[in-house]
Amino acid sequence: MKHTLSVLVENKPGALARIAGLFSRRGFNIDSLAVGITDDPDVSRMTITVDGKEHPIEQVTKQLHKLINVIKITDLDPHNTVARELALIKVKSPARSRGEIMQVAEIFRANILDVARNTMILEITGTTEKVDAIEELLTPHGIVEIVRTGRIAIERGEK
Amino acid sequence: MKGSEAIVESLKAEGVEAIFGLPGGVVIPLYDTLYDADIKHYLVRHEQGAAHMADGYARATGKTGVCIATSGPGATNLVTGIATAYMDSTPMVAITGQVRSGLIGTDAFQEADTTGITQPIVKHSYLIKDVKDIPRIFKEAFYIASSGRPGPVVIDIPVDMQLAELDYKPQKKINLLGYKPTLKGNRRQIKAAARLIARAERPVIYAGGGIISSGADRELRRLAKMVQTPVTTTLMGLGTFPETDKLSLGMLGMHGTGYANYAVTNCDLLIAIGARFDDRVTGKLATFAAEAKKIHIDQDPAEISKNVVVDVPIVGDARTVLKDLLEELKKLEIDTGRTEPWLRQVSDWKKSHPLFYKDLKREIMPQFVVEEIYRVTKGKAIICTEVGQNQMWAALFYQHSKARNFISSGGLGTMGFGFPAAIGAKIGRPRETVIDIAGDGSFQMNIQELSTAVNYNIPVIVAILNNGYLGMVRQWQELFWNERYSETCIECQPDFARVAEAYGALGITIKDKNDVTDALRAAIKAKRPAVLDFRVKRDENVFPMVPAGKSITEMIGGQK
Ligand SMILES: Cc1ncc(C[n+]2csc(CCOP(=O)(O)OP(=O)(O)O)c2C)c(N)n1
Ligand SMILES: [Mg+2]
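Cut-offs applied
- Residues numbered from 1 in each chain as written.
- Chains lettered and ligands numbered in written order.
- Predicted model: local features only at pLDDT ≥ 70, side-chain atom pairs only at ≥ 80, totals over all residues.
- Heavy atoms only, no water.
- Helix = DSSP H or I, 4+ residues; strand = E, 2+ residues; numbered from the N terminus.
- Buried < 20%, exposed > 50% of the residue type's maximum accessible area, 1.4 Å probe, protein only.
- Contact = heavy atoms within 4.5 Å.
- Areas by Shrake-Rupley, 256 points an atom, 1.4 Å probe, with all protein chains shown as cover.
- Lys, Arg positive; Asp, Glu negative; His and termini not counted.
- Charge placed at Lys NZ, Arg CZ, Asp CG, Glu CD.
- Salt bridge = Lys/Arg side-chain N within 4 Å of Asp/Glu carboxyl O.
- Polar contact = N/O pair within 3.5 Å; in protein donor to acceptor, adjacent residues only side chain to side chain.
- Near = heavy atom within 4 Å.
- Nonpolar A, V, L, I, M, F, W, Y, C, P; charged D, E, K, R; others polar.
- Domains from an automatic or database assignment.
- Buried area = accessible area lost by both parts, 1.4 Å probe.
- Pairing = 2+ DSSP bridges.
- Axes fitted to C-alpha atoms, helices over the stretch in contact; angles between N-to-C directions.
- Donors = N, O, S within 2.8 Å, 3.2 Å for Na, K, Ca; no water.

Chemist: Give me the lowdown on the overall build of chain A, citing residues and values where you can.
Modeler: Looking only at helices and strands, one finds 4 helices and 9 strands in chain A. When the helices and strands of chain A are listed from N to C terminus, the series reads β-α-β-β-α-β-β-α-β-β-α-β-β. With respect to the principal axes defined by its C-alpha atoms, chain A has extents near 55 × 35 × 30 Å. Buried residues in chain A amount to 42% of all 159 residues. Partitioning the contacts of chain A with sequence separation of at least 6, the portion at a separation of at least 24 is 73%. Within the structure as shown, chain A displays about 8,900 Å² of accessible surface, and the carbon and sulfur contribution to it stands at 53%. Charged side chains in chain A number 22 positive and 22 negative. The centres of these two groups are separated by 3 Å.

Have a look at this one:
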């Protein structure tokens, strides 16, 4: 099972390197990692997706906890969490396929950010599955480049 | 006040009395301040020596060891020492100089990314970017190094930070959002543990180095006595339980005693305290105390169920938890007689699988030297070891009875650790006899520190069990690699006694068994650094031995 860990980290030099280093040293693979500031400028939030099948998630979180800069870790409950990812996709779009691509974009509520003579850039926000799905549909047209932010997530409710 | 002065003030505020180091370009300002500070600095001959001395000092005293090195090569020379401290959880603060802030990242002269290089082997590290942070960072560093599960902390200080001015105020408060070691164990878990202990018929305590860091050896002894439970210790735990006691099983694991390994394999309750189920201890995991319920008391939650899943985990400081556990046990009426058949069984194993070696008439057996060290010092010495066969013989043939009196690189297995660690230990506890039980290979990895020992007249004794081999590796080649001795015979050996004399230490070569005792006595009496070159039987092996990955009862050479 994929786990989404929401990690509050002191915004100190080297904190990100320590976390990335810990994953590589302990042989844990990161599926995705997104970092951003929080409402408190001294604290950053990292959203880390890991595969719990490959590594016992308990070891991952305990080892993370040992890092002095890590303040809090939440293993987000997927049933009670809203998770999103953003992707920018540059796809080949010669005149003959442009219409079809725009249709796909519409179905997925993707924004078209840029149209060049032979390519187009789409912006899509959604669950990882949704991003995967649009990627799959666009692949036959020829994806030039895709940039994904990695998953960010937040728990529902009052907490 | 200058940054360098704030550093020294901060060190004094932490009660630092001894520092080990060697200067270089970017720590000249700090050394200039140390020049007339009242903290004793020991100039080493290689920075690795400084790190191990700080480590040995820490292990012998419980205080945090401090070492200093310059940037680049100075700092990289510390790396093995930092890793050694990390693996064995010893409190240490390593101060490294760094190039001027403005030059960081430019491949400046003697620049190395010290915090980057050491990141996987430190408990925490700092790169000072603002001189005002010095008091806070030092306060935090010492707190982090010494509290919870101890470990090394690196503070990297650019040279301009040592020179910049600040308004120094001693730091009192510590505010670390992400660091709060658990002291007290969970009540319910402790109760559950007590119930298991009260019911167990074949219990074994498996005690590790965590007992030493937490100072829980008295509580451990009380627990063992109270519930009549045999105790085995890891290499790191040697000394926490007196091996002269009938409940002692000695060390367990790859080179453990036969009776310890049988007892652990057959127990119905394993009480692990401050130990981490290392592969050298457990052998094949699936058969390690397979039938037993398991209690695991440890300061570090990440150690719980890392290698072995346990029934009752208790996170907390070993001493605090044991105190509470003893209270709980008092409430239950425990029939101490219930472990009697088990203790009889253990005692049978002790008879059928004793530690032994074949003593010779003139030739010196390495085990004999270790036993003789025990007799001559009445078991009161601080024993340091190098790594290899010497280490295992020192662990097995000396009856360890006191915490902090056995100092060895367990986790990393660092050859060259023992001698500088012995110097550090002697500085920390000058009244004790300190002996490094060494191998001829290992000793040469930090032999240059003889100069340091002579320089400050630190009378440590190096007892080389000289077999002319990288003996432990040779042993593996003999047993598992068809006697193909690839690069383990040290063809060209210096005359260690003459090397010692050249450095200004006492050097004695011993070739006859009958001279062993006198040589030891002479070295102790000399009150100056001494090297005893014991030419021991060359191809002697350490037994029993469990081949890597096998169950710990599958011992080679375990029976007479
Ligand atoms: C720095 C380092 N390099 C290599 C090893 C691998 N190693 C383990 S034991 C050993 C032999 C040590 O020889 P010596 O010090 O003479 O001890 P002996 O086993 O002969 O008692 C070696 C090379 C090590 N532990 N540490
Ligand atoms: Mg040797």
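Past the structure itself, the notes keep going.
Chemist: For the overall build of chain B, give the residues involved together with the corresponding values.
Modeler: Looking only at helices and strands, chain B features 22 helices and 18 strands. Based on the C-alpha atoms only, the size of chain B along its principal axes is roughly 70 × 60 × 40 Å. When the 560 residues of chain B are sorted by exposure, 60% land in the buried category. Long-range contacts, defined here as pairs at least 24 residues apart, represent 76% of the contacts in chain B between residues at least 6 apart.

Chemist: How would you sum up the side chain of K123 of chain B? Please name residues and give values.
Modeler: By secondary structure assignment, the location of K123 of chain B is in the loop between α5 (114–118) and β5 (124–127). An unpaired buried charge is present at K123 of chain B: no salt bridge exists, and D300 of chain B, the closest side chain of opposite charge, is 8.8 Å distant. Within the structure, the side chain of K123 of chain B is placed 2.8 Å from the backbone oxygen of S147 of chain B, a separation counted as a polar contact. Side-chain polar atoms of K123 of chain B contact the backbone oxygen of R149 of chain B, separated by 2.8 Å. The contact partners of K123 of chain B, leaving out residues within four places of it in the chain, are I68 of chain A together with Y86, I144, S147, R149, P150, G151, P152 and Y179 of chain B.

Chemist: Lay out the pattern of salt bridges in plain terms, naming residues and giving numbers.
Modeler: Evaluation of the coordinates by the stated rule reveals 37 salt bridges over all chains. E328 of chain B is paired through a salt bridge with R187 of chain B; the nearest N and O atoms lie 2.8 Å apart. Here E328 of chain B is found in helix α13 (residues 318–331), whereas its partner R187 of chain B is found in helix α8 (residues 187–199), with 141 residues between them in sequence. Take R187 of chain B: its relative accessible area is 41%, and that puts it in the partly exposed class. A salt bridge links E372 of chain B to R375 of chain B, with the shortest nitrogen-to-oxygen separation between them at 2.5 Å. Here R375 of chain B and E372 of chain B lie together in helix α15 (residues 366–377), a separation of 3 residues that amounts to about one turn. Its relative accessible area of 47% is what places R375 of chain B among the partly exposed residues. One network of salt bridges, with partners in common, ties together K66 of chain A together with R149, D300, E303 and K306 of chain B.

Chemist: Tell me about the site of ligand 1, residues and numbers included.
Modeler: Residues and elements named next belong to chain B. Around ligand 1, a shell composed of 17 residues is seen, among which Q389, G413, G441, S442 and G471 lie nearest. Side-chain polar atom of N467 to an oxygen atom of ligand 1: 3.0 Å apart, as the coordinates give it. Within the contact set of ligand 1, an oxygen atom lies 2.9 Å away from a backbone nitrogen or oxygen of Y469. In isolation ligand 1 offers 580 Å² of accessible surface; the protein chains occlude 76% of this area. Contributions of two or more residues to the shell around ligand 1 are made by α16 (389–396), α18 (440–443) and α20 (471–480). Taken together, the residues of the shell around ligand 1 sort by class into 7 nonpolar, 9 polar and 1 charged.

Chemist: Just give me the short version of the domain arrangement of chain A, but keep the residues and values in it.
Modeler: Residues and elements named next belong to chain A. Taken domain by domain, chain A consists of domain 1 (2–76) and domain 2 (82–155). Computed from C-alpha coordinates alone, the two centres of domain 1 and domain 2 are separated by 28 Å. Together, the buried faces of domain 1 and domain 2 total about 590 Å²; carbon and sulfur atoms form 57% of this surface. Run the count over domain 1 and domain 2 and you get 0 salt bridges. For the pair domain 1 and domain 2, the number of links is 2 residue pairs in polar contact (both at pLDDT 80 or more). When contributions to the side of domain 1 that touches domain 2 are tallied by element, the ones reaching two or more residues are β1 (2–10), β2 (30–37), β3 (43–51) and β4 (70–76). The element contributing the most residues to the side of domain 1 that touches domain 2 is β2, with 3 residues.

Chemist: Can you tell me about the sheet that holds strand β7 (residues 203–207) of chain B, naming the residues and giving the values?
Modeler: Two strands in a sheet stick together by hydrogen bonds in their backbones, pointing the same way (parallel) or opposite ways (antiparallel). Residues and elements named next belong to chain B. With parallel pairing, 6 strands are arranged side by side in an open sheet as β9-β8-β7-β10-β11-β12. Looking at which strands have only one partner, the edges of the open sheet turn out to be β9 (248–251) and β12 (312–315). Averaged over all pairs of adjacent strands, the angle between their axes in this sheet comes to 15°, without regard to strand direction. Sheet analysis places strand β11 (residues 293–298) next to β12, joined by 4 bridges and oriented parallel. From the neighbouring strand, H296 faces β12, where its bridge partner is P313.

Chemist: Run through the coordination of the magnesium ion (ligand 2), naming residues and quoting values.
Modeler: Residues and elements named next belong to chain B. Donor atoms from the polypeptide that bind the magnesium ion (ligand 2) are D440 (OD), N467 (OD1) and Y469 (O), placed at 2.1 to 2.2 Å. As a motif over one chain, the donors of the magnesium ion (ligand 2) read D-x26-N-x1-Y. For the pair shown, N467 and Y469 are each scored as buried.

Chemist: Kindly report on helix α1 (residues 15–25) of chain A, identifying the contributing residues and their values.
Modeler: Every buried residue belonging to α1 of chain A is among A15, R18, I19, G21, L22 and F23 of chain A, and all of these are buried. Lining the buried residues of α1 of chain A we find β1, β2, β3, α2 (57–66) and β4 of chain A together with β5 of chain B. The first or second residue beyond α1 of chain A is G27 of chain A, which carries a positive phi of 75°.

Chemist: Any details on the sheet that holds strand β17 (residues 506–510) of chain B? Residues and values, ideally.
Modeler: Residues and elements named next belong to chain B. Spatial strand order, β14-β13-β15-β16-β18-β17: 6 strands in an open sheet with parallel pairing. Strand pairing shows two members of the sheet lacking a second neighbour, β14 (406–407) and β17, which therefore form its edges. One ladder, built from 2 bridges, connects strand β13 (residues 382–385) with β14; its direction is parallel. Its bridge partner being in β14, I383 is matched across the sheet by F406. Along the sheet face, helix α22 (residues 516–526) touches β16 (461–466), β17 and β18 (530–535) and points at about 175° away from the line of β17.

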